Amino acid sequence: GAAAYARALGRTKLIRRSAHVAGILATCAVACLGCGLFDSGTVWRDGDYALLWIDLADEVTLSYDLGDGGWLTLVGPRVFAVGSDARFVVAKQYPSGDQTVTNYFMLDKRRTNVRSLESAIIGPLTESEFRAKAIDLALPPFTRVLESRE
């Protein structure tokens, strides 16, 4: 009798203590969400196309707005320059943050079907390949350069 009661009482205290700890952890998690631990920003936008970063300001990507907070990454992190006109979006990227290499990308905005967006991207291109395409297709200039990354 008394031993069984003591075991049950010990389990009750353990459950209460576990619930208390879980409550503290939940409170901390909610507080961290509001403290900037998970941050994001948009540094350029043209319609549904944007340069944005999530968590790390240096990890800028060229992305497409899917709506309802969803984004499709078109050019991966370390995009540092972008330009656009009615037909094209162009971007420069340091792959893996390596500033000794610059990748060039171009995207035909006429391909607005989300399924074909990734195939609409041409690149990575070298500077000479990009210049040739820029002349042939009258690509727009790079009008937004992220100074902290150039």
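Before any of the text, the structure's been laid out above.
From a predicted model like this one, the values you see are computed outputs, not experimental measurements.

What counts, and where the lines are drawn
- Residues numbered from 1 in each chain as written.
- Predicted model: local features only at pLDDT ≥ 70, side-chain atom pairs only at ≥ 80, totals over all residues.
- Heavy atoms only, no water.
- Pairing = 2+ DSSP bridges.
- Helix = DSSP H or I, 4+ residues; strand = E, 2+ residues; numbered from the N terminus.
- Axes fitted to C-alpha atoms, helices over the stretch in contact; angles between N-to-C directions.

Visitor: Residue-level account of the sheet that holds strand 4 (residues 70–75), with values.
Guide: As summarised here, the arrangement of the four strands in space is 1-2-3-4, forming an open sheet in which the pairing is antiparallel. A single partner strand is all that each edge strand has here, and the edge strands are strand 1 (40–46) and strand 4. Put simply, the sheet's adjacent strands are angled 40° from each other on average, direction ignored. In this sheet, strand 2 (residues 49–54) lies alongside strand 1 in antiparallel orientation, the contact comprising six bridges. Its bridge partner lying in strand 2, Thr42 is registered against Leu52.

Visitor: Explain unusual backbone geometry residue by residue, including any values.
Guide: Where the residue is not glycine, phi is negative for most of them; where a peptide bond is considered, it is trans in most cases. With an omega dihedral of 10°, the bond running from Gly123 to Pro124 counts as a cis peptide bond. With respect to the helices, strands and loops of the structure, Pro124 is situated in strand 8 (residues 121–125). In the Ramachandran plot, Asp68 falls in the positive-phi region, its phi being about 55° despite a non-glycine side chain. As for its position among the elements, Asp68 is in the loop between strand 3 (61–67) and strand 4. One non-glycine residue, Arg78, adopts positive backbone phi at about 80°. Structurally, Arg78 can be placed in the loop between strand 4 and strand 5 (79–84).

Scope: geometric values only; no functional claims are made or implied.
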